[in-house]
Amino acid sequence: MVRVIMGVKGTGKTKQMIELINNAAKTEAGNVVCIERGSKLTYDIHYKIRLIEASQYNIDSFDALRGFISGLYAGNYDISQVFIDSLCKVVPCECGPETEQFLDWLENFSEKNGIKFVVTISADQSIATEGISKFF
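Residues numbered from 1 in each chain as written. Predicted model: local features only at pLDDT ≥ 70, side-chain atom pairs only at ≥ 80, totals over all residues. Heavy atoms only, no water.

Novice: Any chance you could explain the overall build of the protein chain here in plain terms?
Specialist: When its secondary structure is counted, the protein chain shows five helices and five strands. Listed by position from the N terminus, the elements making up the protein chain come as β-α-β-β-α-β-α-α-β-α. The C-alpha radius of gyration of the protein chain comes to 14 Å, within 12% of the 14 Å expected for a compact globule of 136 residues. Across its three principal axes, the protein chain shows a C-alpha extent of roughly 35 × 30 × 25 Å. (Helix = DSSP H or I, 4+ residues; strand = E, 2+ residues; numbered from the N terminus. Rg over C-alpha atoms; globule rule 2.2 N^0.38 Å.)

See below:
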């Protein structure tokens, strides 16, 4: 399962994400991971959550992020949920066809491995393609 939370800056995406992350810390049987660029969530999320600051790993493309997520899972099969805050900041890009292809890959990875993903994208929902909006 992949869920996308999309909206312009100031629409409450991060607040909603923090709430979902903290609920997952209480309810998920497996490990929960949060990937972000910068360290804005450090003091807002539960201490059990594995918080990963993406800029430390030079993730500069969707291919690199695919490899990173695959490596995380290969190293820990107990991961049950992954949150990606500000996808287009983690991978510097514009919201477009590459983003749609990545979300499709994420959906396949999710189904194959039984991991839930929640992704935020800072952009107006009106620019979302049909392939992106199916994850709302």
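Resuming the write-up.
Novice: Sorry, what's going on with the state of the cysteines here?
Specialist: Any covalent bond linking the sulfur atoms of two cysteines counts as a disulfide. Scanning the model with the defined rule gives zero disulfides in all. No disulfide involves Cys-93; its sulfur sits 3.5 Å from that of Cys-88, the nearest cysteine. Cysteine Cys-95 remains unbridged, with the sulfur of Cys-88 as its closest cysteine sulfur at 5.1 Å. Residue classification places Cys-95 among the buried positions, given a relative accessible area of 16%. (Disulfide = S-S within 2.5 Å. Buried < 20%, exposed > 50% of the residue type's maximum accessible area, 1.4 Å probe, protein only.)

Novice: Whenever I open this one, unusual backbone geometry confuses me. Can you help?
Specialist: Leave glycine aside and you will find that most residues have negative phi; peptide bonds, for their part, are mostly trans. Phi is positive for Asn-58, which is not a glycine, with a value near 50°. Within the chain, Ser-86 stands out as a residue other than glycine whose phi angle is a positive 60°. Along the polypeptide, Ser-86 turns up in the loop between β4 (79–84) and α3 (87–90). Judged by its relative accessible area of 6%, Ser-86 is buried.

Novice: Would you mind showing me how to read the nonpolar core here?
Specialist: One broad rule of soluble globular proteins: the nonpolar side chains tend to lie buried together. Counting residues in each nonpolar core, the largest one holds 34 residues, and the members touching the most others are Ile-35, Ile-69, Ile-84, Phe-102, Leu-103, Leu-106 and Ile-121. Of all the secondary-structure elements, those providing two or more residues to this core are β1 (2–7), β2 (31–36), α2 (62–75), β4, α3, α4 (97–113) and β5 (116–122). The element best represented in this core is α2, accounting for five residues. Beyond its immediate sequence surroundings of up to four residues, Leu-103 is in contact with Val-2, Val-4, Val-119, Ile-132 and Phe-135. Counting 13 residues, the second largest nonpolar core, distinct from the first, contains Ile-18, Ile-21, Val-32 and Ile-45. (Core = buried A, V, L, I, M, F, W, Y, C linked by side-chain atoms within 4.5 Å. Contact = heavy atoms within 4.5 Å.)

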